[in-house]
Amino acid sequence: MWKTFTRGVMALAGLALVSCATTIDMPKGSSKGYASARLIQRDPNRPLSADATERQVHRFLQQSIGRRFAAEGLAFGKADAQLVVAYLVLYQQPGMTARYDEYFGYGRSADEISDLAHDRGAVNNTRPDYFERGGVIIDVIDARTNELVYRNYATGDVVRGASEATRAARIDAAVGQALAPFFGQN
């Protein structure tokens, strides 16, 4: 299943995944007042994927997130950063939703997000044909208070056989879309 997801990997761009849910927090804070950010620390006891494409997708996501924060003037990557950035990857086919949460951390509704995404994107989907869709949910957390400051997402159809450059560009566009409001770029 993961290979199916990662080989085509994400063309992320606009399904209403979690925006209207009343039980899922969707704070829309901003980067104002913050000077630094870092990626969430994953569980060191959790094995890394053996799949090269999966590792590539995570690398592209992490590089894009780091570039976005740096481009907005926030130092990225130091352990004592003011913000922690986490992401959740979703993959869907008709009737099926999988989640990849190794860089999402704990205690911020991953189960509820996955369930809602499944209901909206797989169960209640009106597309008549087979599809593969990917999505990324990005959370920004205040490192001092552990408060969820911002959450947004991007989704779109998976493109099978995408080149490395195409995959990187599509992931970068999705990260840009998901983070634009955080940086005041509506």
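Preceding this paragraph is the structure being described.
Described in the following lines is the structure provided in the data block. The structure presented is a predicted model; accordingly, all values stated were derived computationally and were not measured.

### Focus on the layout of surface pockets
Within this model, the largest pocket holds a volume of roughly 210 Å³. In this structure, the largest pocket is lined by 14 residues; those nearest its centre are L48, S49, E54, H58 and E102. It is helix 2 (residues 52–71) that contributes the most residues to the lining of the largest pocket, 5 residues altogether. Here the residues of the lining of the largest pocket are counted per class, giving 5 nonpolar, 3 polar and 6 charged.

### Examining the pairing of strand 5 (residues 133–142)
Judged by how many residues are buried, strand 5 sits mostly within the fold: 10 of 10 residues are covered. Of the two faces of strand 5, both are covered, the one formed by R133, G135, I137, D139 and I141 as well as the one formed by G134, V136, I138, V140 and D142. Note: strand 5 against strand 6 (residues 148–157), 9 bridges, orientation antiparallel. Note that in strand 6 the partner of I137 across the bridge is Y153. Here strand 5 folds back onto strand 6, and the loop between the two strands holds 5 residues, one of which, N146, carries a positive phi near 65 degrees.

### What to know about helix 2
With 20 residues, helix 2 should cover 28 Å at 1.5 Å per step; its first-to-last C-alpha distance of 28 Å lies within 8% of that length. At the N-terminal end of helix 2, a side-chain oxygen is found 3.1 Å from the backbone nitrogen of T53, two or three residues along, and the residue is D51. The positive-phi residue at the C-terminal boundary of helix 2 is G73, with phi of around 90 degrees.

Criteria and cut-off values
Residues numbered from 1 in each chain as written. Predicted model: local features only at pLDDT ≥ 70, side-chain atom pairs only at ≥ 80, totals over all residues. Heavy atoms only, no water. 1 Å grid on protein atoms, 1.4 Å probe; cavity = no way out; pocket = protein on both sides within 12 Å on 5 of 7 lines; lining within 4 Å. Points joined across faces, edges and corners; volume = space filled by probe spheres on them. Helix = DSSP H or I, 4+ residues; strand = E, 2+ residues; numbered from the N terminus. Nonpolar A, V, L, I, M, F, W, Y, C, P; charged D, E, K, R; others polar. Buried < 20%, exposed > 50% of the residue type's maximum accessible area, 1.4 Å probe, protein only. Pairing = 2+ DSSP bridges. Expected span 1.5 Å × (residues − 1). Polar contact = N/O pair within 3.5 Å; in protein donor to acceptor, adjacent residues only side chain to side chain.

Any functional reading would require information beyond the geometric quantities listed.
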